[in-house]
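The primary structure of each chain is shown beneath.
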Amino acid sequence: MIQLTFPDGTIREYEKGISGIEVAKSISEGLARNVLSITVNGEVRDADRPIDEDAQILLNTWSDEEGKATFWHSSAHLMAEALEELYPGVKFGIGPPIDNGFYYDIDLGDRQLNPSDLDKIEKKMIDLGRKKSEFERKEVSKKEAISYFEEKGDEYKLELLQDLKDGEITFYTQGEFTDLCRGPHIPNTGMIKAVKLLSLAGAYWRGDENRKMLTRIYGISFPKQKELKEYLALLEEAKKRDHRKLGAELELFMFSDRVGAGLPIWLPKGQVIRDRLQQFLKKEQEKRGYKMVITPHIGKKDLYVTSGHYAKYGEDSFQPIQTPKENEEFLLKPMNCPHHCEIYGNKPHSYRELPIRIAEFGTVYRYEQSGELHGLSRVRGFTQDDAHIFCTKDQLKDEFLNVLDLTKVVLDKMGFEDFTAQISLRDPSTPEKYLGTKENWDAAEQAIIDATEEAGMKAKKEIGEAAFYGPKLDFMVKDAIGRSWQLGTIQVDYNLPERFELEYIGADNKAYRPVMIHRAPFGSMERFMSILIEHTAGKFPLWLSPEQYVIIPVSQVFNDYADEVSKALSSSGIIGEVDNRNETIGKRIREAEVQKIPIMLIVGESEKENRSVSVRMQGKGDIGTMTIMEFIEFFDLEKERGA
RNA sequence: GCCGGCAUAGCUCAGUUGGCCAGAGCAGCUGAUUUGUAAUCAGCGGGUCGGGGGUUCGAAUCCCUCUGCCGGCUCCA
């Protein structure tokens, strides 16, 4: 007998060798039908494999992440089976589950797939699923495995096999399809009832752009048709929040082919929001001892040779601009730090002055590959809410805390609760990749870890993700369609102070090198705006709204009163317009609703008489009548509330 | 940059296997209407079918090329 411990702590006894499905059956038939895989002592396995020892056990169903992953992984295999039947001779790369669904990378030789082929593949998958083929696991020797794929002529699987140890190789077979696979898989393909293949894409084999490009098919699947429908509806909804769509509809920003790809143009309304964000941050920074500066958009090539950026990124950047007569070379500023280092180096510094915090809304230009450009999220010209803090080693942790606090204030204010933080540390096994001494690195990494803990912030640590010049902490936020973007960043840098030979005079009258912290709580105004637009679906909080109200006089007779109200509001700092166009009220209200103007004020006979306004809130409807003074108070309260 | 797809009026889209002066709704303009909480009515204007080149008697439609956009890959200071 063996003892199995369930997540709720209960322990049950079973015969040795019992399968996960049988265990599920002992609890309920329903559970047995729904179990997709099991986790035994932390290892995810097929639900029908025998359990031979006492263990902690989890029965994974569709409601568990592990269950979903198993389901989607099996779906990838089902797709592969369908592909092999439809396109004999197709070769397979890898086919893993992802956050939302699965993909498989395939090589079809000379054949090309069109989006219309996806329907065909889907249908085949459903057909094959009806056979309810079981996934059979088989342990094979490396030799057997190699000969199998040699015969099949699949060089990708052969390459994958090279990295696998003999004795750890398993095959999974369902129906006519056999794949090299660690597993686990769901009990049978019949559980996959709903499939949608979402897109076709090219993907380099093993992510290496020097290698062959395979065809990647993305898909998603569900145990029930209804869930698929709901998911697709959700995707449609998400698309409506896309900042590229809303940005155009609400006239926040635009792009122009003639100006150039990836170069955003901010329209008046977008500019208002951006400016409010900057004013907000400026105030917070002033409280924390930052000094604002302004530096030029270009700098001599030498500046970046000194900083080391030219050597590292020069070839992949916008190329230098030459002056016509002297033949000097200038680069478009790809980052602000070299300029800020020059500011620091402008005069000698005493340890008493540190930390020095230099801030700038600095616009930088970076050459991003054309295929990488994406709305406001990835552009070629953008403005960082940049600052560089020059401090002593001992001040590092406090400064880090100071920045963390600021970042949290910013994210809180925006209502971004679902961000994740990542601490990027060096890989100790490759010290040659990093600049600076071990002692400095240890101290900096510890300072970051301590500071995040002290700030009560959860952050996952990623070994080997540090920049060559120092460890960092990044804040990631997801967009409407679930893509993850880096917003804020805090980076420790030992490299630049060295390269620019920055110094301060210590208490002992000797020269020391300061440590530098790069930080940007928004990251860039552009990317931050993209996320803000998607999170709010364009319904900005009052304090950010570029047009806070619109006054709609019932008829032209009340235009004068509308203007009067407007004046009263603008003198109270409330921004908006009068819509006195010769249109019906219904029409003007509809347009204000569509434009997501938060407050509509309707004025007519009775309002004029009582010096009042009839207030309608966007998305909520009529909330009643109040006097102008009452409305101003109401507005301030709403604004305060963060509405 | 690479793979695949897309590009028709300001916007959203029609446009059968290449064939008369390229269409609709919304927006715009003009006029009527003077409106009480999500689209008043009528009339009018508007497109070198993304740019360039080619095939053809004839191209929005087929081919090449450039530009931009979309979905990915790679990269990201």
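The structure this text deals with has already been given above.
These remarks concern the structure in this document.

About the criteria used
- Residues numbered from 1 in each chain as written.
- Chains lettered and ligands numbered in written order.
- Predicted model: local features only at pLDDT ≥ 70, side-chain atom pairs only at ≥ 80, totals over all residues.
- Heavy atoms only, no water.
- Helix = DSSP H or I, 4+ residues; strand = E, 2+ residues; numbered from the N terminus.
- Buried < 20%, exposed > 50% of the residue type's maximum accessible area, 1.4 Å probe, protein only.
- Contact = heavy atoms within 4.5 Å.
- Areas by Shrake-Rupley, 256 points an atom, 1.4 Å probe, with all protein chains shown as cover.
- Lys, Arg positive; Asp, Glu negative; His and termini not counted.
- Charge placed at Lys NZ, Arg CZ, Asp CG, Glu CD.
- Phe/Tyr/Trp six-rings, centres within 6.5 Å; stacked < 30°, edge-to-face > 60°.
- Near = heavy atom within 4 Å.
- Polar contact = N/O pair within 3.5 Å; in protein donor to acceptor, adjacent residues only side chain to side chain.
- Nonpolar A, V, L, I, M, F, W, Y, C, P; charged D, E, K, R; others polar.
- 1 Å grid on protein atoms, 1.4 Å probe; cavity = no way out; pocket = protein on both sides within 12 Å on 5 of 7 lines; lining within 4 Å.
- Points joined across faces, edges and corners; volume = space filled by probe spheres on them.
- Domains from an automatic or database assignment.
- Axes fitted to C-alpha atoms, helices over the stretch in contact; angles between N-to-C directions.
- Parallel < 35°, antiparallel > 145°, perpendicular 65-115°, else oblique.
- Salt bridge = Lys/Arg side-chain N within 4 Å of Asp/Glu carboxyl O.
- Pairing = 2+ DSSP bridges.

Further remarks concern the overall build of chain A. If you tally the helices and strands in chain A, you get 20 helices and 35 strands. Dimensions of chain A, computed from C-alpha atoms along their principal axes, come out at roughly 80 × 75 × 60 Å. With 643 residues in all, chain A has 50% of them scored as buried. Put simply, of all contacts in chain A between residues at least 6 apart along the chain, 68% involve residues at least 24 apart. Summed over its atoms, the accessible surface of chain A is roughly 32000 Å², and 48% of this surface lies on carbon and sulfur atoms. Charge separation in chain A, taken as the distance between the mean sites of 88 positive and 109 negative side-chain charges, equals 2 Å.

This part covers the packing of aromatic side chains. Applying the stated criterion to the full structure yields 23 aromatic pairs. Ring plane angle 80° and centroid distance 5.8 Å describe the contact between Phe 318 and Tyr 367, whose orientation is recorded as edge-to-face. Taken together, the positions of Phe 318 in the loop between α11 (309–313) and β20 (321–322) and Tyr 367 in the loop between β22 (356–365) and β23 (381–391) put the pair 49 residues apart, joining distant regions of the chain. For Tyr 367, a relative accessible area of 39% corresponds to the partly exposed category. Between Phe 468 and Tyr 469, the aromatic rings sit 5.1 Å apart at their centres with planes inclined by 85°, giving edge-to-face as the arrangement.

Time to look at the protein's contact with RNA strand B. Around RNA strand B, 50 residues are found, and the nearest of them are Gln 112, Glu 372, Asn 582, Glu 607 and Ser 614. Atoms of RNA strand B within 4 Å of the protein belong to the sugar or the phosphate in 49% of instances, the rest to bases. Contacts to RNA strand B include Glu 209, whose side-chain N or O atom sits 2.9 Å from a sugar or linking oxygen. Arg 616 places a side-chain nitrogen or oxygen 2.9 Å from a sugar or linking oxygen of RNA strand B. For the surface near RNA strand B, the secondary structure elements donating two or more residues are β14 (194–204), β15 (213–222), α18 (585–594), α19 (605–610) and β34 (612–617). Classifying every residue of the surface near RNA strand B by side-chain character gives 16 nonpolar, 18 polar and 16 charged.

Let us now look at the layout of surface pockets. Taken as a whole, the largest pocket holds about 1300 Å³ of empty space. Around the largest pocket, the lining comprises 47 residues; the ones closest to its centre are Pro 334, Met 335, Arg 366, Phe 382 and Gln 384. Mapped onto the lining of the largest pocket, the elements with two or more residues apiece are α10 (301–307), α11, β21 (329–332), β23, β27 (484–493), α15 (495–499), β30 (515–520) and α16 (525–536). The dominant element in the lining of the largest pocket, judged by the number of residues it contributes, is β27, at six residues. Mapped onto the domain boundaries, the lining of the largest pocket takes at least three residues apiece from domain 3 (274–297 + 333–536) and domain 4 (300–331). What lines the second largest pocket is a set of 30 residues, and nearest its centre among them are His 73, Leu 180, Cys 181, Arg 182 and Gly 183.

This part takes up the packing of helix α3 (residues 65–86) against helix α4 (residues 115–130). For the pair α3 and α4, the least separation of the axes is 9 Å and the interaxial angle reads 110°. The orientation of α3 relative to α4 falls into the category roughly perpendicular. The residues of α4 that touch α3, namely those facing Ser 75, Leu 78, Met 79, Glu 81, Ala 82, Leu 83, Glu 85 and Leu 86, are Lys 120, Ile 121, Lys 124, Met 125, Leu 128 and Gly 129. When its residues are assigned to classes, the contact of α3 with α4 shows eight nonpolar, two polar and four charged.

Once that is clear, we can look at the pattern of salt bridges. A full pass over the atoms with the stated rule returns 40 salt bridges. For Lys 240, the salt bridge is made with Glu 237, and the minimal N-O distance between the two is 2.9 Å. Linking Lys 240 with Glu 237, this pair stays in helix α7 (residues 225–240), spanning three residues, or about one helical turn. Since its relative accessible area comes to 48%, Lys 240 is described here as partly exposed. What makes Glu 237 partly exposed here is its relative accessible area of 43%. The partner of Lys 245 in a salt bridge is Glu 249, and the shortest N-O contact between them spans 3.2 Å. Here the residue Lys 245 and the residue Glu 249 both occupy positions in helix α8 (residues 243–249), the gap between them amounting to four residues, near one helical turn. The class of Lys 245 is partly exposed, set by a relative accessible area of 41%. On the accessibility criterion, Glu 249 (41% relative accessible area) is partly exposed. Bridged by salt links that share partners, the residues Glu 159, Asp 163, Arg 206 and Arg 211 form one connected network.

It is worth spelling out the sheet that holds strand β7 (residues 55–60) at this point. One open sheet holds the five strands; their spatial order is β2-β1-β7-β4-β5, and the pairing between them is mixed. Two strands bound the open sheet, and with one partner strand each, they are β2 (11–14) and β5 (43–45). Along the sheet, successive strands turn relative to each other by an average axial angle of 35°, direction set aside. Examined bridge by bridge, strand β1 (residues 2–5) and β7 share two bridges and lie parallel to one another.

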